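Residues per chain are reported as follows:
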Amino acid sequence: MTHLGCMEDFRGSQILTNFHDLNSSDRSATPDHQHVHIAGYYNIPGFWDEELAGKLAEIREVQSKRNEKTTISLVPQHDATDEWDGGLLNILQFIDFLILSDEEARNITKYPSGEKDDRNNADFLQHVAKFFRHNSQTYIIMTRGSKGAVAFCEGEVIHDQKTSPE
């Protein structure tokens, strides 16, 4: 994926999965649990359309028909366009774990930045929780560098992990 031009041409529909034919009864090589991880969402414009959503919906359909569990995680990374959209909210219905930094969370949720670093305060945490509250199936994990990490689900802070003192 690092070859010059590869990222701009990659499409959501090109994601490969190792699912067998839905009609096949031979699932001996398929594990009971699978995980799909999507990294660099904002760096791949081909993910910003309905193709990625279609592929994720297909994965969910396969898992449902087979009564298997597939988890899907996504890391948005920095948006070089500085739009912080790309249809991210539209695909969260398929995402189990959204993993983002506090800077990414601030930009995605349009949290107003002040002169001081206010991303550690309770107002910011509540803002992020409230912003993602409608995505009840998605756990939001926000990393905060040396400040630790916070997990959100259904509009609530469910865990605030501090780092060990140095």
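For the structure itself, look to the data block above.
Residues numbered from 1 in each chain as written. Predicted model: local features only at pLDDT ≥ 70, side-chain atom pairs only at ≥ 80, totals over all residues. Heavy atoms only, no water.

## A closer look at the nonpolar core
Core analysis: the largest hydrophobic core is formed by 32 residues, its most contacted members being I38, Y41, L56, L74, M142 and F152. Among residues more than four places away in sequence, those in contact with F152 are L125, V128, A129, T138, Y139, I140, M142, V157 and I158. (Core = buried A, V, L, I, M, F, W, Y, C linked by side-chain atoms within 4.5 Å. Buried < 20%, exposed > 50% of the residue type's maximum accessible area, 1.4 Å probe, protein only. Contact = heavy atoms within 4.5 Å.)

## A short note on the packing of aromatic side chains
Under the definition given, this model contains 6 aromatic pairs. Consider the rings of F131 and F132, whose centres lie 5.0 Å apart with planes at 85 degrees: the pair is edge-to-face. Look at F132 and you get buried, because its relative accessible area is 2%. (Phe/Tyr/Trp six-rings, centres within 6.5 Å; stacked < 30°, edge-to-face > 60°.)

## Side note on the environment of Q34
Mapped onto the elements of the fold, Q34 is located in strand β1 (residues 33–39). For the pair Q34 and E68, spaced 34 residues apart in the sequence, the C-alpha separation amounts to 8.4 Å. (Helix = DSSP H or I, 4+ residues; strand = E, 2+ residues; numbered from the N terminus.)

## Here's the deal with empty space enclosed by the protein
As enumerated under the stated definition, the model contains 1 cavity of 30 Å³ or more in all. Space inside the largest cavity adds up to approximately 40 Å³. Y41, W48, D49, E50, A53, G86, G87, N90 and I91 are the residues that line the largest cavity. Where the lining of the largest cavity is concerned, the elements lending two or more residues are α2 (50–66) and α3 (88–91). The residue makeup of the lining of the largest cavity, split by class, is 4 nonpolar, 3 polar and 2 charged. (1 Å grid on protein atoms, 1.4 Å probe; cavity = no way out; pocket = protein on both sides within 12 Å on 5 of 7 lines; lining within 4 Å. Points joined across faces, edges and corners; volume = space filled by probe spheres on them. Nonpolar A, V, L, I, M, F, W, Y, C, P; charged D, E, K, R; others polar.)

## Observations concerning unusual backbone geometry
The phi dihedral of N67 falls on the positive side, at around 55 degrees, and the residue is not glycine. Within the element layout of this structure, N67 appears in the loop between α2 and β2 (69–75). Despite not being glycine, D82 shows a phi value in the positive range, around 65 degrees. For D82, the location among the structural elements is in the loop between β2 and α3.

## Brief notes about the pattern of salt bridges
Working definition: two side chains of opposite charge can pair if their charged atoms are close together. Applying the stated criterion across every chain yields a total of 7 salt bridges. The salt bridge partner of D96 is R60, with a shortest N-O separation of 2.7 Å. Residue D96 is located in the loop between α3 and β3 (97–101), and its partner R60 is located in helix α2; the two are separated by 36 residues in the primary sequence. Of the residues examined, R60 reaches a relative accessible area of 16% and is grouped as buried. Here E103 makes a salt bridge to R106, at a shortest N to O gap of 2.7 Å. Taken together, the positions of E103 and R106, both in helix α4 (residues 102–108) and 3 residues apart, correspond to about one turn of that helix. For E103, a relative accessible area of 30% corresponds to the partly exposed category. Using a relative accessible area of 15% as the deciding quantity, one classes R106 as buried. (Salt bridge = Lys/Arg side-chain N within 4 Å of Asp/Glu carboxyl O.)

Shape descriptors only; they carry no functional weight alone.
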